[in-house]
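Chains, contacts and geometry: an overview
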Amino acid sequence: MSSSVPSPATRLRALRPDWLTDPKVWRTEVLAGLVVALALIPEAISFSIIAGVDPAIGLFASFTMAVTIAVVGGRRAMISAATGAVALVIAPLNREHGLGYLVAAVILAGVFQVTLGALGVAKLMRFIPRSVMVGFVNSLAILIFMAQVPEMTDVPWAVYPLIIGGLALMVFFPKVTTLVPAPLVSIVILTVITIGAAIAVPTVGDKGELPSSLPVPGLPDVPFTLDTLATVAPYAFAMALVGLMESLMTAKLVDDITDTHSSKTRESIGQGVANIVTGFFGGMGGCAMIGQTMINVKVSGARTRLSTFLAGAFLMVLCIVFGPVVSDIPMAALVAVMVMVSFATFDWHSVAPKTLKRMPAGEISVMVITVAVVVATHNLAIGVVAGSVTAMVVFAKRVARLAEVTAVTDPDGSTVVYRVTGELFFASSNDLVGQFAYAGDPDRVVIDMSAAHIWDASSVAALDAIENKYAQRGKTVEITGLNEASAHLHGRLSGELTGSN
């Protein structure tokens, strides 16, 4: 008799990740990890310079962040490593107090992130409007491009044809085959050309010396006192917030690109765990890397945790084992990759004339403000906050105009019924008091709230003010039609919001 219950071996195969069972997936993930590792090296070195630490500190951070988040993170195929946003936050701490305090701040930031993740901070992502998300995507594309501009100024003329050649390879090579990622082909070919022809152009090695050994775990070299805690805590908390916001926004972006869901709570906690591990290995900390994530997911087609893990592992192998070869990679090759990523990331549809004509002015304003603030501050987190606040103001103004008051007087003239329609909250209720004819109304006034909803104390206070104005004229007010939630809030707060009652 056959059984429908799958055998243990069948269940085990079902639990295996795709890269263990599909050679094509394995190849894609491995090659994607290699491309990302190559792109991580100059970025990590640059961010180390921003933070004022040795390049090895940034490279160690990228290694430990990527490897750890591959295991504990909530978003598959997303790359976490040392980032410019984190470097900007902790650079003043390193300048004023030294590397030991920076490392301590990284560990404490990780603790903050684990705590915030456990408290459900990821749920706040639902309040990020689409227009802010579009602005976030477009601004990060602009930042990625702007970061390449220094590599294209005051450089030998040979850099420009190399960049153009790299872009051409990435555009046309996929038409030949997609078995090997075009960015990897571009990097290899440009490196061979520059070495073979002895072309003198800036290389990865010019960015800084690569490490020759693996990082060693240890405690930060700081006094374990309350003074130390007071010194590092503000920087750690700022780093935790910036890192979480960039990571969660990037995770949401990858969700949209891959049409898959990720656990934002697990990602928040995972970012904290990765920073704690990074701190104990002497790294500068980090968060999700948007540019490298786009290389991994959008350009190379990676979809699993393997690519993230291998990006970190390959990074150390390239530095320690193949350091001399990696040092000879022309920066022009990596610049071409990042320029391609910036163009692929930008949401061109959002700025098309047809789209702009149909889009409400408020939505366009939110997107533009998000982009402008990010580009001005070079901080994606600040831009997202500014865009979200703008979106809230636009929404409040829009909803406030929906509250209307209409009056109907009984034929005998003894009663007037005011029908209130719409959502009453602090923005719409401010104008409510002025829409009643207190002096000219009859002695009995009915306020019909069956088509309205009370959301806050401001609305209750406005209704109290209306009742008081009528009472001063010896007239009675009856409020009817409150739904259950509105009646509960009104009953609890009415008459309790001013000291005179």
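The structure displayed is predicted, hence computed values, not measured ones.

**Focus: the packing of aromatic side chains**
- Considering all chains together, one arrives at nine aromatic pairs under this definition.
- Ring centres of Phe 145 and Phe 343 lie 6.3 Å apart, and the angle between their planes is 90 degrees; on these two criteria the pair is classed as edge-to-face. Linking Phe 145 in helix H7 (residues 130-148) with Phe 343 in helix H15 (residues 331-345), this pair joins segments that are 198 residues apart in sequence.
- Under the relative-accessibility criterion, Phe 145 is labelled partly exposed at 34%.
- With 4.8 Å between their ring centres and 55 degrees between their planes, Tyr 438 and Tyr 470 make a pair best called tilted.

**Focus on a nonpolar patch on the surface**
- Nonpolar side chains collect at one region of the surface, where Phe 145, Met 146, Val 149, Phe 343, Trp 348, Val 351 and Leu 356 lie side by side and expose about 570 Å² of accessible area between them.
- Overall, the relative accessible area of 44% leaves Phe 343 in the partly exposed class.

**Remarks on the pairing of strand E6 (residues 476-480)**
- Across five bridges, strand E5 (residues 444-454) lies against E6 in parallel orientation. Residue pairing in the sheet places Arg 444 in a bridge with Thr 476 of E6.
- Once you follow E5 into helix H20 (residues 457-471) and on to E6, the crossover reads as right-handed.

**Some thoughts on the environment of Trp 455**
- Looking at where Trp 455 falls in the secondary structure, it is placed in the loop between E5 and H20.
- Once the C-alpha coordinates of Trp 455 and Arg 95 are considered, the two residues, 360 residues apart in sequence, prove to be 49 Å apart.
- Contact partners of Trp 455, with chain neighbours within four places excluded, come to Glu 423, Leu 424, Phe 425 and Leu 489.
- In terms of polar contacts, Trp 455 uses its side chain to reach the side chain of Glu 423, at 2.5 Å.

**Points about the sheet that holds strand E4 (residues 415-424)**
- On the basis of which strands lie adjacent, the open sheet formed by four strands has the order E3-E4-E5-E6 and mixed pairing. Edge positions in the open sheet fall to strand E3 (404-409) and E6, since each of these has one partner strand only. Within the sheet, the average angular offset between the axes of one strand and its neighbour, ignoring direction, is 20 degrees.
- Taken strand by strand, H20 contacts E4, E5 and E6, and its axis lies near 175 degrees from that of E5.

**Considerations on the packing of helix H4 (residues 55-72) against helix H13 (residues 305-320)**
- In contact at an axis separation of 8 Å, H4 and H13 are set at 155 degrees when each is read in the N-to-C sense. Compared by their axis directions, H4 and H13 come out roughly antiparallel. In this structure, the crossing between H4 and H13 has a hand that is left-handed. From H4, Leu 59, Phe 60, Ser 62, Phe 63, Ala 66, Val 67, Ile 69, Ala 70 and Val 71 reach across to H13, where they touch Arg 305, Thr 308, Phe 309, Gly 312, Ala 313, Leu 315, Met 316 and Cys 319.

**Comments concerning the nonpolar core**
- Formed by 106 residues in total, the largest nonpolar core has its most connected members in Ile 41, Leu 59, Phe 136, Met 284, Ile 295 and Leu 315.
- The residues touching Leu 315, leaving out its near neighbours within four places in the chain, are Ala 37, Leu 40, Ile 41, Leu 59, Ser 62, Phe 63 and Leu 310.
- Counting residues in each nonpolar core, the second largest holds 23 residues, with Val 433, Met 449, Val 460 and Leu 493 among its members.

**Focus on the pattern of salt bridges**
- Evaluated as defined, the whole model comprises five salt bridges.
- A salt bridge links Asp 255 to Lys 264; its shortest N-O distance comes to 2.5 Å.
- Here Asp 448 ties to Arg 419 by a salt bridge, and the two come within 3.1 Å at their closest N and O atoms. On the criterion of sequence distance, the pair formed by Asp 448 in strand E5 and Arg 419 in strand E4 is long-range, its members being 29 residues apart.
- With relative accessibility at 36%, the residue Arg 419 sits in the partly exposed group.
- Each of Arg 75, Asp 255 and Lys 264 takes part in a single network of salt bridges with overlapping partners.

Cut-off values and rules
- Residues numbered from 1 in each chain as written.
- Predicted model: local features only at pLDDT ≥ 70, side-chain atom pairs only at ≥ 80, totals over all residues.
- Heavy atoms only, no water.
- Phe/Tyr/Trp six-rings, centres within 6.5 Å; stacked < 30°, edge-to-face > 60°.
- Helix = DSSP H or I, 4+ residues; strand = E, 2+ residues; numbered from the N terminus.
- Buried < 20%, exposed > 50% of the residue type's maximum accessible area, 1.4 Å probe, protein only.
- Patch = residues over 30% accessible without salt bridge, like charges linked within 9 Å, V, L, I, M, F, W, Y side chains within 5 Å.
- Areas by Shrake-Rupley, 256 points an atom, 1.4 Å probe, with all protein chains shown as cover.
- Salt bridge = Lys/Arg side-chain N within 4 Å of Asp/Glu carboxyl O.
- Pairing = 2+ DSSP bridges.
- Right-handed = clockwise from strand over helix to strand, strands pointing away.
- Contact = heavy atoms within 4.5 Å.
- Polar contact = N/O pair within 3.5 Å; in protein donor to acceptor, adjacent residues only side chain to side chain.
- Axes fitted to C-alpha atoms, helices over the stretch in contact; angles between N-to-C directions.
- Parallel < 35°, antiparallel > 145°, perpendicular 65-115°, else oblique.
- Left-handed = near helix turned anticlockwise from the far one by under 90°.
- Core = buried A, V, L, I, M, F, W, Y, C linked by side-chain atoms within 4.5 Å.

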